[in-house]
Amino acid sequence: MADQRAGRAHWASRFGFVLAAAGSAIGLGNIWKFPYITGQNGGGAFVLVYLGCIVVVGLPIMMAEFLIGRHGQRDAVGSFVALEGKGSPWCLVGWGGVAASFIVLSFYAVVAGWSFDYVVKSAMGTFPGRSAGEINALFGGLVSSPLQVVFWQGFFVAATVSIVLGGIRGGIERWSKVLMPVLFMLLVLLFVRGMLSPGAGAALDFMFRPDFGRLTPQALLDALGHAFFTLSLGAGTMITYGSYLHPKSDLFSLSVRITVLDTLVALLSGLAIFSVVFAAGLEPAAGPGLVFQTIPIVFASLPFGSLLAFVFFVLLAFAALSSSISMLEVSVAYLIDEKGWGRKRSTFLIGSLAFLVGLPSALSFNVWAQVTPLFGKTFFDLMDVLVSSYMFPLGGLFVALYAGWFWKGEGEKEELLGGRHRAWLFPLWHFLLRYVAPSAVLLILLNQIGVF
Ligand code: TRP
C-alpha cells in the first residue's frame, strides 16, 4: 500500500485540489441549467429546497466519495477493490461511475461546444443591432447544422484531451488554477453589472422570496436531482479526485469549501442573469434557451453589450471545460490504475471514444432530430435521462449505503473526518448518510419511474 501511494500522483496543494474539484462541480449545471430550472420552477422556494438538498444530501455524499477515493488511493473501480477485495459487488458502484462519467462527457461536449461557438460569435460582434427574432434564429441556425455542431463538439473534446494529457498536477491542477480564478472574476463582473441594472430588485425578489404555493412535487425532485448533478456526485468523479489527496487532509473543510464555491457560482449566475432578463422585461421561464437566446438578446441592447456577451460565453466555456476534464479523468484513471496503461494512450482512446459516442447526441438537434429510439426521446435526451435521472442518483445512493452501513472501520472514518476536534461531525454525517440521503434518493428514483 505504501509503495503504491509513493508512486501515485497527488495534488500539489490543497488550494489546487479545491480549485480542481470546484472546477468539476462548477459547470454548465451552474450557469446554464440552474438559472433555467429555477426560472421554470418559480424561483425562491425552489432555491431554498435546492440549498437544503445540497447541505443534507450533497455534502455528506461528497465527503463519502472523497473518503472512499482517498482510502483506496486508486481509480473509482480500484478504490472499491482496495477496500473490499476483488470481486466484491461494491466494485459495481465504481464501474457504474466510470460508465456514467463517460456517457455524460459524450453529450456534455455537445452543449459545451455551443458555448465555444458563442464565444466566437460574440467576439465578432454578431449580436448588437439584431432583433430578438434574428438572435433566436442564430441559435436555431447553429444547432440545426450537423457540421457546425460536430465541429465544436470535436473541438471541445480535443481541448479536454489536451488538458488531461498533462496529468494531475501538470494538466488538471495547473489549468484549474487558471480557469477558475478567471471564471470568478468574470462572474463578479457580470454580477455587478446585473446588480446595477433596474432588474436587480426583481431578481433578488424572484430568487430569495420563497412562495411555497409555487412548490410542486416535481420541483422538489428537480432540486434533489440537480444537487447531484451540480456537485458531480454518483459518477466516480469525486472518488477519483479524492484518490489524489494526501491521506492526512481534512476532508470536511475541503468539501465545505467546494460546496460553498459551487453554490455561490450558481446563485451569482442566477442573479446576474435574472436581473438583466427582468430589466429587459423578458420571461425567467425561457427554458434551455435562456442563456443561448435570452442572454444575447438582453446584452445586444446594453452598452458594451458585445463585450458583456463575450465575457459571459467565455465564462460558460471555461466552466464547461473544467468539468469535462474531471469526467474524462475518471475513465483515464481506470485504465492507468487497473490496466497499467500510459496516460497518453488512455487519454487519446477515451477522448476519441467519447467523441464517437457523442455523435448521435450531436445529430439529435439536426439530421436525427426525428429519430427517437425509445420513449419518444432523441439520443441526446435519452443519454441525459439515463445518467442524470438514474445513474447519478443510483451511484450516490450506493455510495451513501456503502459508507453509511457497510464500510467497516468506524474509528478510522472518524479519525479521517477530523474526529477529536469535531465530535459532533461524525454522528451527524453518519446519520445523514444512513437515513436522510438514501431516503431522499429513493424518493427521486421512485418518482422517475412514475410511482407518485
Ligand atoms: N457538475 C458539473 C456541472 O455542474 C457537471 C459534471 C462534471 C458532472 N462531472 C460530473 C456531473 C460528474 C455529474 C457527474 O456542470
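In this text, all values refer to a predicted model and were calculated from it rather than measured experimentally.

Re the environment of Phe229
Looking at the secondary structure, you find Phe229 in helix 11 (residues 217-230). Classification of Phe229 by relative accessible area gives buried; the value is 15%. In sequence terms Phe229 and Lys33 are 196 residues apart; their C-alpha atoms lie 10.0 Å from each other. Dropping the residues within four chain positions of it, Phe229 is found in contact with Gly29, Val104, Tyr108, Ser388 and Phe392.

Digging into the site of the ligand
In the region of the ligand, 16 residues are neighbours, and Ala25, Gly29, Tyr108, Phe229 and Ser232 sit closest. A distance of 3.2 Å is found between a nitrogen atom of the ligand and a backbone nitrogen or oxygen belonging to Ser24. Interatomic distance of 2.8 Å between a backbone N/O atom of Gly29 and an oxygen atom of the ligand. Out of a free accessible area of 360 Å², the ligand has 100% covered by protein chains. Here the ligand occupies the largest cavity. Looking at the shell around the ligand, the elements that each hand over two or more residues are helix 2 (14-25), helix 3 (28-40), helix 11 and helix 15 (305-339). When the residues that make up the shell around the ligand are grouped by side-chain class, the tally is seven nonpolar, nine polar and no charged.

A few points about the nonpolar core
Counting 155 residues, the largest nonpolar core has Trp11, Phe17, Ile61, Trp114, Phe292, Phe299 and Phe312 as the members making the most contacts within it. Not counting the four nearest positions on each side in its chain, Phe17 is found in contact with Trp11, Phe66, Glu173, Tyr241, Leu245, Leu254 and Ile258.

Topic: a nonpolar patch on the surface
On the surface, Trp405, Phe406, Phe431 and Tyr435 cluster together into a nonpolar patch covering about 430 Å² of accessible area. Mapped by element, the contributors of at least two residues to the nonpolar patch are helix 17 (379-406) and helix 19 (425-448). As for its position among the elements, Phe406 is in helix 17.

Some remarks on the layout of surface pockets
Its boundaries defined by the atoms lining it, the largest pocket holds a volume of some 890 Å³. Lining the largest pocket we find 37 residues, and of these Lys33, Asp384, Val385, Ser388 and Ser389 sit closest to its centre. Of all elements in the fold, only helix 3, helix 6 (91-123), helix 7 (132-143), helix 11, helix 17 and helix 19 reach the threshold of two or more residues within the lining of the largest pocket. Among the residues forming the lining of the largest pocket, the class breakdown is 22 nonpolar, 10 polar and five charged.

Some points on the side chain of Ser322
Inspection of the secondary structure puts Ser322 in helix 15. In this structure the side chain of Ser322 is engaged in a polar contact, spanning 3.0 Å, whose partner is the backbone oxygen of Gly23. Among all residues touching Ser322, those that are not within four sequence positions of it are Gly23, Ser24, Ile26, Leu179 and Met180.

Digging into the packing of aromatic side chains
Ring pairs (aromatic) are described by centroid distance and by the angle formed between their planes. Tallied over the full model, the rule gives 39 aromatic pairs. Seen in terms of ring centroids, Phe299 and Phe312 are 6.4 Å apart; in terms of plane orientation they differ by 70°. Their pairing is edge-to-face. With a gap of 13 residues between them, Phe299 in helix 14 (residues 290-300) and Phe312 in helix 15 connect regions that are remote in the sequence. Of the residues examined, Phe312 reaches a relative accessible area of 3% and is grouped as buried. Here the aromatic residues Phe107, Trp114, Tyr118, Phe127, Phe139, Phe292, Phe299, Phe312, Phe313, Phe365 and Phe380 are joined through ring pairs into a cluster of three or more. One residue, Lys33, lies across the ring of Phe229, its end atom 4.7 Å from the ring centre. Over the aromatic face of Trp405 sits the side chain of Arg434, whose NZ or CZ is 3.9 Å from the ring centroid.

Let's talk about the environment of Asp381
The topology assignment puts Asp381 in helix 17. Once the C-alpha coordinates of Asp381 and Ser331 are considered, the two residues, 50 residues apart in sequence, prove to be 23 Å apart.

Some points on the side chain of Ser323
Mapped onto the secondary structure, Ser323 falls in helix 15. Apart from residues lying up to four places away in sequence, Ser323 is in contact with Gly23, Ser24, Ile26, Gly27 and Tyr108.

Considering the confidence of the model for the protein
Confidence along the protein averages 89 in pLDDT terms, with 96% of residues attaining 70 or more. Ignoring residues within four places in sequence, the model shows residues 1-6, a span with pLDDT below 50, making eight contacts including any to other chains.

A word on the pattern of salt bridges
Applying the stated criterion across every chain, the model contains five salt bridges. Put simply, Glu338 and Arg74 hold a salt bridge, and the shortest N to O gap is 2.9 Å. Residue Glu338 is located in helix 15, and its partner Arg74 is located in the loop between helix 4 (44-72) and helix 5 (76-84); the two are separated by 264 residues in the primary sequence. Residue Arg74 is classed as buried on the basis of its relative accessible area of 17%. Between Glu173 and Lys177 there is a salt bridge; the shortest N-O distance is 3.7 Å. Of this pair, Glu173 and Lys177 both sit in helix 9 (residues 167-195), separated by four residues, roughly a single helical turn.

Overview of the packing of helix 6 against helix 7
Where helix 6 contacts helix 7, the axes come no closer than 11 Å and their chain directions differ by 130°. Between helix 6 and helix 7, the angle is such that the two are oblique. You can see that helix 6 and helix 7 cross each other, and the crossing is right-handed. Judged by residue contacts, Trp114, Asp117, Tyr118 and Lys121 of helix 6 engage Leu138, Phe139, Leu142 and Val143 from helix 7.

Quick look at unusual backbone geometry
Positive phi, close to 55°, is recorded for Gln73, a residue that is not glycine. The topology assignment puts Gln73 in the loop between helix 4 and helix 5. Phi at Ser232 takes a positive value of approximately 55°, unusual for a residue other than glycine. Inspection of the secondary structure assignment puts Ser232 in the loop between helix 11 and helix 12 (237-242). Overall, Ser232 belongs to the buried group, its relative accessible area being 12%.

What counts, and where the lines are drawn
- Residues numbered from 1 in each chain as written.
- Predicted model: local features only at pLDDT ≥ 70, side-chain atom pairs only at ≥ 80, totals over all residues.
- Heavy atoms only, no water.
- Helix = DSSP H or I, 4+ residues; strand = E, 2+ residues; numbered from the N terminus.
- Buried < 20%, exposed > 50% of the residue type's maximum accessible area, 1.4 Å probe, protein only.
- Contact = heavy atoms within 4.5 Å.
- Near = heavy atom within 4 Å.
- Polar contact = N/O pair within 3.5 Å; in protein donor to acceptor, adjacent residues only side chain to side chain.
- Areas by Shrake-Rupley, 256 points an atom, 1.4 Å probe, with all protein chains shown as cover.
- 1 Å grid on protein atoms, 1.4 Å probe; cavity = no way out; pocket = protein on both sides within 12 Å on 5 of 7 lines; lining within 4 Å.
- Sits in = over half its atoms within 2 Å of the grid points.
- Nonpolar A, V, L, I, M, F, W, Y, C, P; charged D, E, K, R; others polar.
- Core = buried A, V, L, I, M, F, W, Y, C linked by side-chain atoms within 4.5 Å.
- Patch = residues over 30% accessible without salt bridge, like charges linked within 9 Å, V, L, I, M, F, W, Y side chains within 5 Å.
- Salt bridge = Lys/Arg side-chain N within 4 Å of Asp/Glu carboxyl O.
- Points joined across faces, edges and corners; volume = space filled by probe spheres on them.
- Phe/Tyr/Trp six-rings, centres within 6.5 Å; stacked < 30°, edge-to-face > 60°.
- Lys NZ or Arg CZ within 6 Å of the ring centre and 35° of its normal.
- pLDDT = per-residue confidence, 0-100.
- Axes fitted to C-alpha atoms, helices over the stretch in contact; angles between N-to-C directions.
- Parallel < 35°, antiparallel > 145°, perpendicular 65-115°, else oblique.
- Left-handed = near helix turned anticlockwise from the far one by under 90°.

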